[in-house]
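Structure assessment
These are the residues of each chain, in order.
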Amino acid sequence: MTLAEQAATLLERMGARMGHGDLACVSPIDGSTLGCVAQASTAQVKEAAAAAHCAFLAWRSVPAPRRGELVRLLGEELRAHKDDLGQLVSLEVGKVLSEGLGEVQEMIDICDFAVGLSRQLHGLTISSERPEHRMMEQWHPLGVVGIVTAFNFPVAVWAWNAALALVCGNALVWKPSEKAPLCALAVQALFERAVARFGGAPDGLSKLVIGAREGGEALVDNPGVALVSATGSVAMGRAVGPRVAARFGRSVLELGGNNAAIVAPSADLDLALRGVAFAAMGTAGQRCTTLRRLFVHDGVYDPFAARLKAAYASVTIGDPLEPGTLVGPLIDEGAFAAMQRALSDARDLGGIVHGGERVARAGVYVRPALVEMSEQVGPVLDETFAPILYVMRYTDLDSAVALNNTVAQGLSSAIFTTDLREAELFVAAGGSDCGIANVNIGTSGAEIGGAFGGEKETGGGRESGSDSWRAYMRRATNTINYGRTLPLAQGVSFEL
């Protein structure tokens, strides 16, 4: 069975079809075309937003626990089709199968989280200085939430946003990456199955608009879209943020991450090796949380670097659907070209490159590159969305933390140490300036229970767990006078 036939079969089992159109869906596994889909026009994006707004007007009045029931049913559909959707993720974006399945598990997990959240959306009761008055804070549904997702997590990031937005009383318009429209079609079909089982959900509660940049721009500029949650590059965020702000909309931006880890002299080197290897090579270096910079203490640099080089030289690269494969393909030729430019720049600055060569087979496969650098300069300061790990020595923790914080992004970071003081310093206010700071695990593979996001050029937004739900609601402060007098705050007198 060809990859195209496999994709069509998987879509059919999930209740979706490709249809016909001019957007080719290309599998990075071998460069073959899986099919073609239609793209939404600017007018169709506008219509989708209008339909979602009408749905919102009804959905906001549905009790939150009842809204949670729809998300529970979505979780059931995802559980029933985990294998199919996970395999489709691997087919369309090249993730190894365990990672494709893991991405669907993230969707299931956030549905579970959101169902519980639907009974816990809470405000505050606030003491009033005025007698016989009560102050309180409420959170109300916000409106239409526009979700713009990237190819590297084609379904999970939608779920992070959608599950929370739905229980918070909002409607959705989803613009997926043009590199992963089939995954979006499948998820939309599963959502519609959940809606059918739910009964009574308003039409247009979740709309899907497939297309390129123009579709995203139409969503970003639409004044009827209250919140735009966009995942992508820093350049994308620089374009999206000001445009949404210009119309006084809200945005949640999840952008780049030039993530670093520190291997301290007390580190468990066996644990550190596994943590670094997965964080740097998993998903072929195409996660926003991929480890890209590594600072190794001078006292353990030589033995650890030798083990890391051996791991890089022996890691299994190939078809992501085959058991035992750890590194699949890059998404396309553009990613390979960017990787080679970065490696060339590193060599020009004296970097010693291990790996990075192309693997001879259909598709864009490369051996992950480990680059020994004497200092943090040139391409080390930039995020290259490919499996490149720059390795540098350090002698004292303060300098290593400073190097961690020097880059423009602030998404994820980690330290490997068994020294309690070093661990606590790294996660303290004077330590890592990232939104995620880990101890004795790598920079990637976040759980849904915590808020996900970062600082500086990473965008400052938060998705998924903790109190990220507040971004999808509007706050109202209420003061209620249950007495017969009208005392004014701050002792103001206004007697008629």
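1. Let's talk about the pairing of strand E8 (residues 225–231)
With respect to burial, E8 is a largely interior element, six of its seven residues being buried. In this sheet, E8 lies alongside strand E5 (residues 144–148) in parallel orientation, the contact comprising five bridges. Bridged to Val145 within E8 is Leu227. Two strands pair when backbone bridges link them, and E8 and strand E9 (residues 250–254) are joined in this way by five bridges, in the parallel orientation. What sits directly across from Ala230, in E9, is Leu253. On the question of chirality, the crossover connecting E8 to the parallel E9 by way of helix H9 (residues 234–246) is right-handed.

2. Looking at the nonpolar core
Core analysis: the largest hydrophobic core is formed by 158 residues, its most contacted members being Leu85, Trp158, Leu182, Leu294, Phe304 and Leu308. Apart from the residues lying within four places of it in its own chain, the contact partners of Phe304 are Val263, Leu269, Ala272, Leu273, Val276, Leu294 and Val296.

3. Focus: the side chain of Lys175
Mapped onto the fold, Lys175 is located in strand E6 (residues 171–175). The exposure class of Lys175 is buried, given its relative accessible area of 6%. A polar side-chain atom of Lys175 sits 2.9 Å from the main-chain carbonyl oxygen of Gly211. Those residues within four positions of Lys175 in sequence are excluded, and the remaining contacts are Ile147, Val148, Thr149, Val209, Gly211, Ala212, Gly215, Gly216 and Leu219.

4. Quick notes on the sheet that holds strand E10 (residues 259–263)
Backbone-to-backbone hydrogen bonds join strands into a sheet, with any given pair of strands oriented parallel or antiparallel. If you walk across this open sheet you meet the seven strands as E12-E15-E16-E11-E10-E18-E19, and the pairing is mixed. Across the chains shown, the open sheet's two edge strands, defined by having one partner strand only, are strand E12 (352–354) and strand E19 (436–439). When strand polarity is set aside, the average angle formed by the axes of neighbouring strands in this sheet is 20°. In this sheet, strand E16 (residues 388–394) lies alongside strand E15 (residues 369–372) in parallel orientation, the contact comprising four bridges. Paired with Val371 across the bridge in E16 is Tyr390. Where helix H14 (residues 420–427) meets the sheet, its contacts fall on E10, strand E18 (412–416) and E19, and the angle it forms with E19 comes to roughly 175°.

5. Description of helix H3 (residues 64–80)
Within an α-helix, residues lying three or four positions from one another point in the same direction, as the helix has 3.6 residues per turn. For H3, spanning 17 residues, the distance from its first C-alpha to its last is 25 Å, which sits close to the expected 24 Å at 1.5 Å a residue. All of the buried residues in H3 are Ala64, Arg67, Gly68, Leu70, Val71, Leu73, Leu74, Gly75, Glu77 and Leu78. If you follow the buried residues of H3, they end up packed against helix H2 (42–59), helix H4 (82–93), helix H5 (97–117), strand E4 (133–141), helix H6 (156–167) and helix H7 (181–198).

6. A few points about the pairing of strand E11 (residues 291–297)
Looking down a regular strand, the side chains alternate between one sheet face and the other. Summarising burial for E11: seven of the seven residues are buried, a large majority. As judged from the five bridges shared by E10 and E11, these two strands associate in the parallel manner. In the sheet register, Ile262 faces E11, and the bridge partner there is Phe295. With helix H10 (residues 269–281) bridging E10 and the parallel E11, this β-α-β connection has right-handed handedness. Relative to E16, E11 runs parallel, the two sharing five bridges. By the bridge assignment for E16, His297 is matched with Tyr394.

7. Side note on the layout of surface pockets
The space that makes up the second largest pocket amounts to roughly 290 Å³. Along its surface, the second largest pocket is lined by 16 residues, and Arg17, Ala38, Leu185, Leu208 and Ile210 are the ones closest to its centre. When residues in the lining of the second largest pocket are grouped by element, the largest group, four residues, is from H7. Residues of the lining of the second largest pocket, tallied by class, amount to 10 nonpolar, four polar and two charged.

8. Thoughts on the environment of Ala429
Along the chain, Ala429 falls in the loop between H14 and E19. Classification of Ala429 as exposed rests on a relative accessible area of 85%. C-alpha of Ala429 to C-alpha of Leu308: the two residues are 121 residues apart in sequence and 31 Å apart in space.

9. Notes on the sheet that holds E4
Spatial strand order, E3-E4-E23: three strands in an open sheet with antiparallel pairing. Either end of the sheet is taken by a strand with one partner, and the two such strands are strand E3 (124–126) and strand E23 (473–481). On average, each strand axis in the sheet is tilted by 25° relative to the strand beside it, whichever way the strands run. By the bridge criterion, nine bridges tie E4 to E23 in an arrangement that is antiparallel.

10. Considering the packing of H3 against H5
Remark: H3 packs on H5, axes separated minimally by 9 Å, with the N-to-C direction vectors making an angle of 155°. It follows that H3 is roughly antiparallel to H5 by the angle criterion. Helix-helix and strand crossings are classified by hand; for H3 and H5 the assignment is left-handed. Contacts between H3 and H5 involve Gly68, Val71, Arg72, Leu74, Gly75, Leu78 and Arg79 from the former and Val104, Met107, Ile108, Cys111, Asp112, Ala114 and Val115 from the latter. Class assignment of the residues belonging to the contact of H3 with H5 gives a composition of nine nonpolar, two polar and three charged.

11. A look at the environment of Ala414
Structurally, Ala414 can be placed in strand E18. In sequence terms Ala414 and Asn481 are 67 residues apart; their C-alpha atoms lie 51 Å from each other. Here Ala414 is in contact with Ala260, Ala261, Ile262, Phe426, Asn438, Ile441, Gly442 and Thr443, once residues within four sequence places are set aside.

Conventions and cut-offs
- Residues numbered from 1 in each chain as written.
- Predicted model: local features only at pLDDT ≥ 70, side-chain atom pairs only at ≥ 80, totals over all residues.
- Heavy atoms only, no water.
- Buried < 20%, exposed > 50% of the residue type's maximum accessible area, 1.4 Å probe, protein only.
- Helix = DSSP H or I, 4+ residues; strand = E, 2+ residues; numbered from the N terminus.
- Pairing = 2+ DSSP bridges.
- Right-handed = clockwise from strand over helix to strand, strands pointing away.
- Core = buried A, V, L, I, M, F, W, Y, C linked by side-chain atoms within 4.5 Å.
- Contact = heavy atoms within 4.5 Å.
- Polar contact = N/O pair within 3.5 Å; in protein donor to acceptor, adjacent residues only side chain to side chain.
- Axes fitted to C-alpha atoms, helices over the stretch in contact; angles between N-to-C directions.
- Expected span 1.5 Å × (residues − 1).
- 1 Å grid on protein atoms, 1.4 Å probe; cavity = no way out; pocket = protein on both sides within 12 Å on 5 of 7 lines; lining within 4 Å.
- Points joined across faces, edges and corners; volume = space filled by probe spheres on them.
- Nonpolar A, V, L, I, M, F, W, Y, C, P; charged D, E, K, R; others polar.
- Parallel < 35°, antiparallel > 145°, perpendicular 65-115°, else oblique.
- Left-handed = near helix turned anticlockwise from the far one by under 90°.

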